[in-house]
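Geometric and topological summary
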Amino acid sequence: MSVNLHSQRADPVPPPRLRPGRHHAGPQRRFLSQFDIRATPYLLISPYFLLFAVFGLFPLVFTLWVSLHDYELAGGDAAFTGLENYANLLTDASFWNAVVNTVGIFVLATVPQLVLALMLANALNKRLRGRLFFRLGVLIPLVTSVVAVAIVFTQLFGRDFGMVNWLLGFFGVENINWQNAKWSSWIAIATMVDWRWTGYNAIIYLAGMQTIPRDLYEAASIDGASSRRQFWSITLPMIRPTIIFTVFVSTIGGLTLFAEPVMFGSNRMEGGSTGQFQTIAMYIVKEGFRDFDYGYAAAAAWLLFILILVGVAINYTFIRRIGGNQ
Amino acid sequence: MSGGRRRSRRDPFVATPLTKVALLATVILSIFPIYWMVIIASRTNSDAVDVPPPLLPGGNLGENIQRVLATEDAHFLQGMLNSLIVTSSVTISVVLISTFAGFAFARLHFRGRNLLLGSILLTMMVPLQQMGIVPLYQLMVELGWVGTLKAVILPYLLNGFGVFLMTQYTRQAVPEELVEAARVDGASTMRIWWNVILPAVRPGMAVLALQTFMLNWNEFLWPLIVLTPENPTVQVSISFLTAAHATDYVLIFTGTALSVLPLIFVFVAFGRQIVGGLMEGAVKA
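What follows concerns the overall build of chain B. Along chain B, the regular secondary structure elements total 16 helices and zero strands. Relative to its length of 285 residues, chain B is extended, with a C-alpha radius of gyration of 24 Å against a globular reference of 19 Å. Each of the three principal axes of chain B carries a C-alpha extent, and together these read 75 × 70 × 30 Å. Taking all 285 residues of chain B together, the buried fraction comes to 47%. Here the contacts in chain B between residues at least 6 apart in sequence split such that 72% fall between residues at least 24 apart.

Moving on: the overall build of chain A. Looking only at helices and strands, chain A features 13 helices and two strands. Taken over 326 residues, chain A has a buried fraction of 42%. Within chain A, contacts between residues at least 6 apart in sequence are counted, and of these 69% link residues at least 24 apart.

The next thing to look at is the interface of chain A and chain B. Facing the 100 residues of chain A at the interface are 102 residues of chain B. Counting residues per element, the side of chain A that touches chain B draws most heavily on helix α1 (residues 27-67) of chain A, at 18 residues. Residues belonging to the side of chain A that touches chain B are distributed by class as follows: 68 nonpolar, 23 polar and nine charged.

With that out of the way, let us pick up the domain arrangement of chain B. If you check the domain split of chain B, you get domain 1 (2-65) and domain 2 (72-240). Placing the centre of domain 1 of chain B and that of domain 2 of chain B at their C-alpha centroids yields a distance of 35 Å.

We now examine the nonpolar core. As a rule of thumb, soluble globular proteins bury nonpolar side chains together. One finds A150, I203, I284 and A300 of chain A together with A101 of chain B to be the most contacted residues of the largest nonpolar core, which totals 159 residues. Ranked by residues supplied to this core, first place goes to helix α7 (residues 182-209) of chain A with 14 residues. Once residues lying within four places of it in the same chain are set aside, the contact partners of A300 of chain A are L89, F95, I280, Y283, I284 and E287 of chain A.

Moving on to the packing of helix α10 (residues 160-173) of chain B against helix α12 (residues 189-217) of chain B. Residues and elements named next belong to chain B. Across the interface, α10 lies against α12 with an axial gap of 9 Å and an inter-helix angle of 150°. The orientation of α10 with respect to α12, classified from their angle, is roughly antiparallel. The crossing of α10 and α12 is right-handed. Within the contact between the two elements, α10 uses G162, L165, M166, Y169, T170 and A173 and α12 uses I197, A200, V201, G204, L208 and T212. Class assignment of the residues belonging to the contact of α10 with α12 gives a composition of eight nonpolar, four polar and no charged.

Structurally, L241 of chain B is set in helix α14 (residues 234-244). In contact with L241 of chain B, other than residues within four places in its own chain, are T71, A74, L251, I252 and G255 of chain B.

Glancing now at the confidence of the model for chain A. Residue and element names in this part refer to chain A. Per-residue confidence for chain A gives a mean pLDDT of 82, with 89% of residues at or over 70. For chain A, strand β2 (residues 79-80) is the element with the lowest average pLDDT, namely 80, and helix α3 (residues 93-124) is the one with the highest, namely 93. Scored below 50 in pLDDT, residues 1-13 shows 26 contacts in the model against residues more than four places distant or in partner chains.

Mean pLDDT over chain B: 84, with 92% of residues reaching 70 or higher. Across residues 1-9 of chain B, where pLDDT falls below 50, the model places 20 contacts with residues more than four positions away in sequence or in other chains.

The next thing to look at is unusual backbone geometry. With a phi close to 50°, H75 of chain B is a non-glycine residue in the positive phi region. Within the element layout of this structure, H75 of chain B appears in the loop between α4 (61-70) and α5 (76-107).

Here we take up the environment of M166 of chain B. Residue and element names in this part refer to chain B. For M166, the location among the structural elements is in helix α10. Since 28 C-beta atoms lie within 10 Å of it, M166 is described here as buried. Sequence separation of M166 and W217 is 51 residues, and the distance between their C-alpha atoms is 21 Å. Beyond its immediate sequence surroundings of up to four residues, M166 is in contact with S98, T99, A101, G102, V201, G204 and L208.

What follows is about the environment of F80 of chain A. Here F80 of chain A lies in strand β2. Sequence-wise, F80 of chain A and V66 of chain A are 14 residues apart; in three dimensions their C-alpha atoms are separated by 8.9 Å.

This part is about helix α13 (residues 294-321) of chain A. Each α-helix turn comprises 3.6 residues. Residues three or four places apart therefore point the same way. The end-to-end C-alpha distance of α13 of chain A is 41 Å, a good match for the 40 Å that 28 residues give at a rise of 1.5 Å each. Buried residues of α13 of chain A: Y294, G295, Y296, A297, A298, A299, A300, A301, L304, F305, I308 and G311 of chain A, and no others.

Analysis parameters
Residues numbered from 1 in each chain as written. Chains lettered and ligands numbered in written order. Predicted model: local features only at pLDDT ≥ 70, side-chain atom pairs only at ≥ 80, totals over all residues. Helix = DSSP H or I, 4+ residues; strand = E, 2+ residues; numbered from the N terminus. Rg over C-alpha atoms; globule rule 2.2 N^0.38 Å. Buried ≥ 20, exposed ≤ 12 C-beta atoms within 10 Å, placed from the backbone. Contact = placed C-beta atoms within 7 Å. Nonpolar A, V, L, I, M, F, W, Y, C, P; charged D, E, K, R; others polar. Domains from an automatic or database assignment. Core = buried A, V, L, I, M, F, W, Y, C linked by C-beta atoms within 7 Å. Axes fitted to C-alpha atoms, helices over the stretch in contact; angles between N-to-C directions. Parallel < 35°, antiparallel > 145°, perpendicular 65-115°, else oblique. Left-handed = near helix turned anticlockwise from the far one by under 90°. pLDDT = per-residue confidence, 0-100. Expected span 1.5 Å × (residues − 1).

Next comes the structure, spelled out in structure tokens:
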């Protein structure tokens, strides 16, 4: 393991320890070695693809098939219904409610998270004592499980005895029932997500920032560019690939949000009394495993996939513009 | 952002006092919820609802731990043990499978290589957890695996991210010429893997192992669906604890605190590597 945190490359490769003297290749041996060169690569990647076929590809294709049928757990005849499940979903107000909640929480969580992470990374990139302490410090939330985060924050956001309400009380705010309304439950859930992931993203941005040659900044300083100006014109454009990576990951994570809202709503799939914080993932589980309507749940899962593709595409085009061509 | 712009004209990389204060505040905010968890876990239920809230640990931790272990319907110890088994199996397999595949994609030549690697990258975008949940469950019913640990181990053995990471790492840690040289010496592919690749990519494997361990330990949705409350993973056990003993804050918090112990251990022991590894992986990605 590299000792220096700055080192971007691995340790030097030790010389291979091979037994010499195997050059006498007869025809049989040559055949074996040809076979080795041609076949072994496939052998090496086969575990992944075999597992993928069973636990990745099969579920996807089967989900597509199920979504086109009236398929229930009780079995019986799964009648082909074509796109009926999809049509029903698209006119189902409770599905749209879940979509709006998911996107709402996603935006509320991701935008501040990535902006804060950028600022944090910029600060961590300065010369300062106790560098490792600060880096580990911002990563600490990673050690907690999602479930643990949800439990602690649900208590912090409690109506009567929660610390958040207690603190807000000093500013004359009356006790808020955070679960009760859309906006308050979204804020509480987004806070959990942000607390857990901001530091992680900051460390990833920091890694990107450290690959930027410092003489770029020196040159800019000599030209009289302020540090804000340097941040916008040098730092941001240079770490754009890293930003795209984090946006990609946050989009997938955000749109499939599940554990936080489930725990926030006392371990139930409904997401509050009127579904004010039910996400799509919760909706799928509720339809499929609480109401046993598999076909419907499968169709919802495919719509979620499409939503993710759209989300990734939108974010990608958006980020590509940031800090570009200045 | 960068605080004092006055001094930064000379050297923009000097941390101003404002930057330091902001960083310290961030670290405190990062630690506080975990600290809070320990406070509640070491107190009584009447302390937990005090206003103003208690800010120092109490003396009831031992008693609370015993209470968690004595709560039979939560099967907490079984959950911890199961999580250890599941997470270790998944971590070992993911690292091995990814190292094999990473070697092939990075340093071997075969037909369809780029296409296959591309297909892995594409599948990383698919939320398998949510998309595949219905048929995966069906599959487990057919196999008779519902309620068994096999059901929560096997679907996690495939990890596109791991293959991607090890491919990148192998490319960068093992020069092409080294593989060629070994080949000229008459080494078989597996011998090259053992003697050349394995020693060089060990740091990458360590990082992948740590990340896999942490992610898998936290897995929640699928175990919740496919396991029974009698044979849970630790996350399922805790969610059951919260559902069945909703008003017993102290019990829930103690269980939660115990459940993150292995992660804290990993973090303390390997924190340095985690930071370094995250940063390396990010740059290569």
